[in-house]
Amino acid sequence: MSLDKVKHIVLQKVLSGKGGVGKSSITTQLALSLSLAGHSVGILDIDLTGPSIPRLFGIESAKVTQAPGGWIPVPVHSANSTPGVGSLSCMSLGFLLRERGDAVVWRGPKKTAMVRQFLTDVLWSELDYLLIDTPPGTSDEHISLAETLLKNALPGQVAGAVVVTTPQAVATADVKKELNFCVKTGINVIGVVENMSGFVCPNCSECTNVFSKGGGQVMAQEFGVKFLGSVPIDPQFVMLVETGRRPVYPVGTEINGHDIGSSEAAHTLADTKDSSLLIEKYKDCSLCKIFRDITKDVITAVEAQAV
Amino acid sequence: MAPSLEVPDNVQDVLSNPLKAAPKLVAPEPEHCPGPESETAGQADSCAGCPNQAICASAPKGPDPDIPIITARLSAIKHKVLILSGKGGVGKSTFTSLLAHAFATNDNNTVGIMDTDICGPSIPKMMGVETETIHVSGAGWSPVWVLENLAVMSVQFMLPNRDDAVIWRGPKKNGLIKQFLKDVEWGEMDFLLVDTPPGTSDEHLSVNSFLKESGVDGAVVVTTPQEVALLDVRKEIDFCRKAGIKVLGIVENMSGFVCPNCTHESQIFQATTGGGRALAKEMNVPFLGAVPLDPRICMAADYGESFFDSWPDSPACTALKSVVRRVIISCDDSGGANDNLEGSVHATKIATSGEMMIKLPVDFERGTQGCKVSSQDPLKTSPSMKDPRGTLA
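What counts and how
- Residues numbered from 1 in each chain as written.
- Chains lettered and ligands numbered in written order.
- Predicted model: local features only at pLDDT ≥ 70, side-chain atom pairs only at ≥ 80, totals over all residues.
- Heavy atoms only, no water.
- pLDDT = per-residue confidence, 0-100.
- Contact = heavy atoms within 4.5 Å.
- Buried area = accessible area lost by both parts, 1.4 Å probe.
- Salt bridge = Lys/Arg side-chain N within 4 Å of Asp/Glu carboxyl O.
- Polar contact = N/O pair within 3.5 Å; in protein donor to acceptor, adjacent residues only side chain to side chain.
- Helix = DSSP H or I, 4+ residues; strand = E, 2+ residues; numbered from the N terminus.
- Nonpolar A, V, L, I, M, F, W, Y, C, P; charged D, E, K, R; others polar.
- UniProt positions renumbered as here; feature names shortened; annotations may be inferred.
- Buried < 20%, exposed > 50% of the residue type's maximum accessible area, 1.4 Å probe, protein only.
- Pairing = 2+ DSSP bridges.
- Axes fitted to C-alpha atoms, helices over the stretch in contact; angles between N-to-C directions.
- Parallel < 35°, antiparallel > 145°, perpendicular 65-115°, else oblique.
- Left-handed = near helix turned anticlockwise from the far one by under 90°.
- Phe/Tyr/Trp six-rings, centres within 6.5 Å; stacked < 30°, edge-to-face > 60°.
- Lys NZ or Arg CZ within 6 Å of the ring centre and 35° of its normal.

### Points about the confidence of the model for chain B
Residue and element names in this part refer to chain B.
Here is step 1: When the pLDDT values of chain B are averaged, the result is 76; 75% of them are 70 or greater.
Here is step 2: Here residues 4–23 scores under 50 on pLDDT; set against residues more than four positions off or in separate chains, the count is 32 contacts.
Here is step 3: Every residue in residues 336–393 is under pLDDT 50, and counting partners more than four places away or in other chains gives 96 contacts.
Here is step 4: Predicted complex, confidence summary: ipTM 0.75, pTM 0.76.

This is the structure:
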């Protein structure tokens, strides 16, 4: 079975009509950070009706290759030992669609079959981490995923789930259901990440809590799980994945105590076409530093469990 | 007794018997199964060799016998509007609840909300009725009434504990949606708003097939400005086309954020590809308007209050009102003109241009009966955005 070469499987889960809390963008950033830490990473996107991973990595036009024995995932970048960067590849239904606007209108059984196929028929190379990005909800995809993993994964291979939420009560109310799903299905919860907590005005550096604040932390306490950190909204990150523009910040911008202001030269440089890899540009993003800490926590938790 | 999910299915059971909801079958449905309920069951190409073929082929064919019952039940509802979006978290439920409150400001209108998001119901929380339960009478299940003329139905009312996860596969969700339509005593209503989960799957297919007979006015598609969201919304519009649902228009939510400190407007979710407006043009559907991101909308939703009543002067409120007006007009265009509708158009017009008395949401603790509200130039009142929490709490 094709998950044999994978060391740790991490599920990226969020529940709800509260999709759009940033599961996919957190998955993306976690993958980039793990890769920057020298690990080889794979991403499996099982959001069948709304795959976002291909767009976030700017590889929408990529296609999956069929090889004897299964599908070859789409490579994002290969390993580079000099700066200590691990390889990154991903698999998504988006790569299998003919037109990017095509709707995938599937009922349960078909989704179940697809999820199963994604888990068994993708030929992952040696991976340290496989991140699985899920759609919102606790339905077909999630049940199939839990079912297949329970049946097929090696003991100790499934490290657990990172649960993403936004701070407002309407979102945490739904994410709590997802935590209960994990409890019931026996999936370990690695921790909670609070996304979109606060927005720093690019003009005056005033931080506004657009979707209030602290909901994720309170929820983590309530369920006795680890709180991994809060991630503010950074329009520069949105720009980075939408247009590939290298993130730059006004001089003197501070996020969580780090000064991340960029020089004038960087500003002009950013406007010119920049063909370097996403991972290179991501290093300049303010969120990269926040994710370095979150990633460290995730790695510690996963490795502690594996021992 | 109120219906509830008191004994939720054993999860291990759901996991090990993935297709429990179709117990008549002797084997799991194959990947390309047309569906045991479909017209071609047992006869499609993919049925060849399936152990269920004989069972499916001999099952009663033809339209679902419940559909005429649903049609009869909903015959007194004048307008049925779906709120859709391929993307999650763009504000479908928020917009649904705001739309309902806006319609309900006219006392002559009766409005219903049906929350078909089974796995992540948000409407009860936003309406401040999270702890209610459903009552059953001879006539059917009674929805929960938020205001005298605003009713809500959601799976949340049936959960024994607030945070319980509803771990259901598709067929079971479809069954509940059917019950919401068939067994709930909606009565005479002017508007039934159907809030949906993100995606294009079971819930959407069921709502569409159950409501086809009784006639849906159309769908309002909600999006946010960034391309990652538009990508999924494009799929949703494609779905509407395939399913024959009229798209009333696109609403762009969270477009632009005005810093409460310096009033500098930033685009949190950059519309790098033109946002909802460009998508509407590309897909040739009406653009209903753009609503700015306002932390107070979120706050009002968390506290279960009506944003229209709490912050009638904010720019977001003005934008929302013009969107609501366009929704009403497009509902009107899609047929079924009636007196009440005229009334509601009129009322909304007043609300945006002058002074009127509006009813606050039922708030017995504070004993508020009604309040006087005036619509001023929204820009002049923006400094009041400073401390939303202090004023709301």
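### Quick notes on the interface of chain B and chain A
Here is step 1: Contacts between chain B and chain A engage 69 residues on the former and 71 residues on the latter.
Here is step 2: Summed over both partners, the interface of chain B with chain A buries about 5700 Å², with 59% contributed by carbon and sulfur atoms.
Here is step 3: In this structure, the connection of chain B to chain A is made through two salt bridges.
Here is step 4: There are 14 residue pairs in polar contact (both at pLDDT 80 or more) connecting chain B and chain A.
Here is step 5: Of all the secondary structure elements, the ones that give two or more residues to the side of chain B that touches chain A are α1 (11–16), α5 (123–127), α6 (170–182), α7 (202–211), α8 (227–243) and α10 (295–303) of chain B.
Here is step 6: Of all the elements, α8(B) adds the most residues to the side of chain B that touches chain A, at nine residues.
Here is step 7: Of the residues that constitute the side of chain B that touches chain A, the class distribution is 29 nonpolar, 20 polar and 20 charged.

### A word on the UniProt feature "binding site: [4Fe-4S] cluster" (unreviewed entry) in chain A
Here is step 1: Taken from the UniProt record, the annotation "binding site: [4Fe-4S] cluster" (unreviewed entry) applies to A:Cys201 and A:Cys204.
Here is step 2: Position of A:Cys201 among the secondary structure elements: in the loop between β9 (189–200) and β10 (207–208).
Here is step 3: Setting aside anything within four residues of it in sequence, one finds A:Cys201 in contact with A:Glu206, B:Cys259, B:Cys262 and B:His264.
Here is step 4: As for its position among the elements, A:Cys204 is in the loop between β9 and β10.
Here is step 5: For A:Cys204, a relative accessible area of 27% translates into the label partly exposed.

### Some thoughts on the UniProt feature "binding site: ATP" (unreviewed entry) in chain B
Residue and element names in this part refer to chain B.
Here is step 1: Listed under "binding site: ATP" (unreviewed entry) in the UniProt record, and renumbered for this structure, are Gly86, Lys87, Gly88, Gly89, Val90, Gly91, Lys92 and Ser93.
Here is step 2: With respect to the helices, strands and loops of the structure, Gly89 is situated in the loop between β1 (77–84) and α4 (92–104).
Here is step 3: Relative to the helices and strands, Gly91 resides in the loop between β1 and α4.
Here is step 4: Overall, Gly91 belongs to the buried group, its relative accessible area being 11%.
Here is step 5: If we ignore the near neighbours within four places in the chain, the residues touching Gly91 are Val222 and Asn253.

### A short note on the sheet that holds strand β7 (residues 189–195) of chain B
Residue and element names in this part refer to chain B.
Here is step 1: Pairing is mixed across the open sheet formed by eight strands, whose spatial order is β5-β6-β2-β7-β1-β8-β9-β12. Here the strands that pair on one side only, and so sit at the sheet edges, are β5 (144–147) and β12 (287–290). Taking the axes of each pair of neighbouring strands and ignoring which way they run, one obtains an average angle of 20 degrees across the sheet.
Here is step 2: Taken together, the six bridges between β1 and β7 define a ladder with parallel strand orientation. From the neighbouring strand, Ile83 faces β7, where its bridge partner is Asp195.
Here is step 3: Packed on one face of the sheet, helix α9 (residues 275–283) meets β8 (218–223), β9 (247–252) and β12 and runs near 155 degrees to β9.

### Things to note about the packing of helix α4 (residues 140–152) of chain A against helix α5 (residues 169–185) of chain A
Residues and elements named next belong to chain A.
Here is step 1: At a closest axis distance of 12 Å, the pairing of α4 and α5 adopts a crossing angle of 30 degrees. In terms of orientation, α4 and α5 fall into the roughly parallel class. With respect to the hand of their crossing, α4 and α5 are arranged in right-handed fashion. On α5, the residues touching His142, Ile143, Ala146 and Leu150 of α4 are Glu178, Phe181 and Thr185.
Here is step 2: When its residues are assigned to classes, the contact of α4 with α5 shows four nonpolar, two polar and one charged.

### A short note on the environment of A:Leu34
Residue and element names in this part refer to chain A.
Here is step 1: By the secondary structure assignment, Leu34 is in helix α1 (residues 23–36).
Here is step 2: Owing to a relative accessible area of 1%, Leu34 belongs among the buried residues under this scheme.
Here is step 3: A C-alpha to C-alpha distance of 24 Å links Leu34 and Pro136, two positions 102 residues apart in sequence.
Here is step 4: Look past the residues within four positions of Leu34 in its chain and what remains in contact with it is His39, Val41, Tyr129, Leu131, Thr295 and Ile299.

### Observations concerning the UniProt feature "binding site: [4Fe-4S] cluster 2" (unreviewed entry) in chain B
Here is step 1: Mapped onto the present numbering, the UniProt feature "binding site: [4Fe-4S] cluster 2" (unreviewed entry) falls on B:Cys259 and B:Cys262.
Here is step 2: For B:Cys259, the position within the fold is in the loop between β10 (257–258) and β11 (265–266).
Here is step 3: The buried category is assigned to B:Cys259, whose relative accessible area is 0%.
Here is step 4: Beyond its immediate stretch of four places on either side in the chain, B:Cys259 contacts A:Cys201, A:Cys204, A:Glu206 and B:His264.

### Notes on the packing of aromatic side chains
Residue and element names in this part refer to chain B.
Here is step 1: This model, assessed by the stated rule, comprises five aromatic pairs over all chains.
Here is step 2: Ring centres of Trp141 and Phe180 lie 6.5 Å apart, and the angle between their planes is 75 degrees; this geometry places the pair in the edge-to-face category. Of the two residues, Trp141 is situated in strand β4 (residues 140–142) and Phe180 in helix α6; the sequence distance between them amounts to 39 residues.
Here is step 3: Residue class for Trp141 comes out buried when judged on its relative accessible area of 9%.
Here is step 4: Lying over the aromatic face of Trp311, Arg296 brings its terminal NZ or CZ to 4.5 Å of the ring centre.

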